[in-house]
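Report on the structure
Here's the letter readout for the chains.
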Amino acid sequence: MIKSVVGSTVITCVVEYVIDPAKIDAFERFSRRWMELVDRHGGTHHGYFLPAEGASDRALALFSFPSLAAYEEYRTLFGVDPDFVAADRIRDESGCVLRYERTFMRPLLPEHGEE
């Protein structure tokens with residue numbers, strides 16, 4: 001679980017995808033790469049949520065960073081770091097993602113062990 005650092009606020013990025021259901025295998029490869037990259041670069045990935053029943057073209061991803069500044073530092077690697085470029089290439093070459101939208105949220109998490 002990610003905890004806030006004194007003086008900063010944890011942010012969670014919620015990414016809503018419209019995907020090509022016929023290309024779910026490529027989307028899963030793309031997703032696995034991004035989970036690894038987020039975790040490697042200071043974030044906590046909470047997973048991708050993929051269609052499970054019936055025909056669906058919706059998927060979600062949630063990941064958190066200890067602050068907006070930490071997220072912005074991670075974003076500087078887009079299009080520059082070879083691992084980030086390779087992960088995006090999966091999406092671009094397969095066409096598995098039709099579009100996506102990011103929203104930033106502040107998590108309210110359960111307080112375990114505190115009375």
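Everything below is about the structure printed above this text.
The paragraphs below set out a description of the structure included in this document. Predicted model only: the values in this text are computed from it and were never measured.

Quick word on the overall build of the protein
- When helices and strands are counted, the protein shows three helices and four strands.
- Each helix (α) and strand (β) of the protein, taken in turn from the N terminus, gives the series β-α-β-β-α-α-β.
- Residues counted as buried form 34% of the 115 residues belonging to the protein.
- Across the protein, every contact between residues at least 6 apart in sequence was considered, and the portion connecting residues at least 24 apart equals 71%.

Remarks on the pattern of salt bridges
- Tallying each qualifying case throughout the model produces eight salt bridges.
- Note that glutamate 28 is salt-bridged to arginine 32, the shortest N-O span being 3.4 Å. Of this pair, glutamate 28 and arginine 32 both sit in helix H1 (residues 24–40), four residues apart, roughly one helical turn.
- Look at glutamate 28 and you get partly exposed, because its relative accessible area is 26%.
- Glutamate 93 is the salt-bridge partner of arginine 89, the closest N and O atoms lying 4.0 Å from each other.

Reading the values: the criteria
Along each chain, residue indices are assigned from 1 in the same order as the chain's sequence is written. With the structure being a predicted model, the display of local features is reserved for residues of pLDDT at least 70 and the display and counting of side-chain atom pairs for 80 or more, all residues being used for whole-chain, interface and lining totals. Values reported for side chains reflect all heavy atoms of the structure, with hydrogen atoms and water molecules removed beforehand. Helix numbering and strand numbering both begin at the N terminus, where a helix is a DSSP run of H or I of at least 4 residues and a strand a DSSP run of E of at least 2. Residue burial is assigned from relative accessible area. The probe radius is 1.4 Å, only protein chains are included, and a residue is buried under 20% of its type maximum, exposed over 50%, and partly exposed in between. Two residues form a contact once any of their heavy atoms are found within 4.5 Å. Salt bridge, as used here: a side-chain nitrogen of Lys or Arg that lies within 4 Å of a carboxyl oxygen of Asp or Glu.

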